[in-house]
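Fold and geometry: a report
Each chain, written out:
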Amino acid sequence: MSAEPVRGHVLILGGTTEARRLAAALAARGTEDGAGPATAACAVPDTGSGSGSGSGSGTAARAALRVTTSLAGRVAAPVLPPGEVRIGGFGGPEGLAAWITAHRVSHLVDATHPFAERMSFNAARAAALSGVPLIALRRPGWSPGPGDDWHFAGSLAEAALRLPELGGRAFLTTGRMGLHTFAQLADTWFLVRSVDPPEAPVPPRLEVLLARGPFSLEGERELLARHRIDVLVTKDSGGSVTAPKLTAAREAGIPVLVVRRPPVPEGVAETGSVPAVLRWLGEA
């Protein structure tokens, strides 16, 4: 028996909560179309072959939109979304455009982290090269409220320069990839929270907490008090998964050093809503 025709192929550049929610919503719509439950996701490193990757190749993916989520591979054990999953880079915008063409991608969704600046620009260039429509699913940033003591930096390097004037015991939640930027701060004690262990160079006075959100407000309060934190450093990642640390810092009267988001490509449609992407795909 021949397979059901595929109505389209959505490539989600993922790694975020929003990307997983979008993949799950599309998988659920495949089930509603009467194709049966979607199979579990299986991550396969991309080899560049025409066969692509991933499993989740049950009839739900064929009867509705085919959905592939691409992960950069920076996390050792990522949370996998429903549908097909590929792991690894594309080789720049030209490589991404070639993958899009080879796998007959009909829609491209940039749901990468707000600080994945290079990937967003690669996606915009690849969409232009391949002629495939692109939308960015980007969570809204955070905004200070009454009682907040926020200070802003344009980059991690600027944050490292400003940090010593704000406190000596820092809760650093900017991720392990940029930790080397703070390595020269020998007088500051750091509590670093990340999913995977950081690699050298790192600050000399350091404690690492391996954890994956979401985090509770009560847990963040306890953490700040137990480690006697007097300054919080964070990227403006947005979203609710890690936002309780901001409330805990406000309650404790702790200053927050916020790294502003990098620029995004011009002319790309953008939304912070999964339902809006579904409407864009004609799946609402």
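A quick note: this is a predicted structure, and the numbers were derived from the prediction, not measured.

Quick look at the confidence of the model for the protein now. Of all residues in the protein, 85% have pLDDT values of 70 or greater, and the mean over the chain is 87. pLDDT under 50 marks residues 35-42. Its contacts with residues more than four places away, or in other chains, come to 27 contacts. Every residue in residues 47-63 is under pLDDT 50, and counting partners more than four places away or in other chains gives 38 contacts.

Considering the arrangement of structural elements, one finds K245 in helix α7 (residues 244-252). Despite its burial, K245 pairs with no opposite charge; the closest candidate is E220, at 6.3 Å N-O. Every residue in contact with K245, bar those within four places of it in the chain, is listed here: W142, T173, R193, E220, L232 and T234.

Below, the discussion takes up the pairing of strand β11 (residues 231-235). Extensive coverage of β11 is indicated by the burial of five of its five residues. Relative to β11, strand β8 (residues 169-172) is paired through three bridges, and the arrangement is parallel. Across the sheet, residue A170 finds its bridge partner in β11, namely V231. Relative to strand β12 (residues 256-259), β11 runs parallel, the two sharing four bridges. Residue pairing for β12: K235 is matched across the bridge by V259. Taken together, β11, α7 and β12 constitute a β-α-β crossover, and its handedness is right-handed.

With respect to topology, six strands assemble into an open sheet ordered β7-β12-β11-β8-β9-β10, the strand pairing being parallel. Looking at which strands have only one partner, the edges of the open sheet turn out to be β7 (150-153) and β10 (206-210). Each adjacent strand pair in this sheet contributes to an overall mean axis angle of 20°, direction not counted.

Burial along β12 is two-sided: the face carrying V256 and V258 and the face carrying L257 and V259 are both buried. Direction of pairing for β7 relative to β12: parallel, over a ladder of four bridges. Across the sheet, the residue bridging to A153 is V259, located in β12.

So, about the environment of A225. Examined against the element boundaries, A225 turns out to sit in helix α6 (residues 217-226). Residue A225 is classed as exposed on the basis of its relative accessible area of 56%. Separated by 23 residues in sequence, A225 and A248 have C-alpha atoms that sit 9.7 Å apart.

With that settled, the discussion passes to unusual backbone geometry. The linkage connecting A200 with the following residue, P201, adopts the cis geometry, with an omega of 5°. Mapped onto the elements of the fold, P201 is located in the loop between β9 (189-194) and β10. Here G213 and P214 are connected by a cis peptide whose omega angle stands at 10°. One can find P214 in the loop between β10 and α6. Although it is not a glycine, R104 adopts a positive phi angle of roughly 55°. Tracing the sequence through the fold places R104 in the loop between α3 (92-102) and β5 (107-110).

Calculation notes
- Residues numbered from 1 in each chain as written.
- Predicted model: local features only at pLDDT ≥ 70, side-chain atom pairs only at ≥ 80, totals over all residues.
- Heavy atoms only, no water.
- pLDDT = per-residue confidence, 0-100.
- Contact = heavy atoms within 4.5 Å.
- Helix = DSSP H or I, 4+ residues; strand = E, 2+ residues; numbered from the N terminus.
- Buried < 20%, exposed > 50% of the residue type's maximum accessible area, 1.4 Å probe, protein only.
- Lys, Arg positive; Asp, Glu negative; His and termini not counted.
- Salt bridge = Lys/Arg side-chain N within 4 Å of Asp/Glu carboxyl O.
- Pairing = 2+ DSSP bridges.
- Right-handed = clockwise from strand over helix to strand, strands pointing away.
- Axes fitted to C-alpha atoms, helices over the stretch in contact; angles between N-to-C directions.

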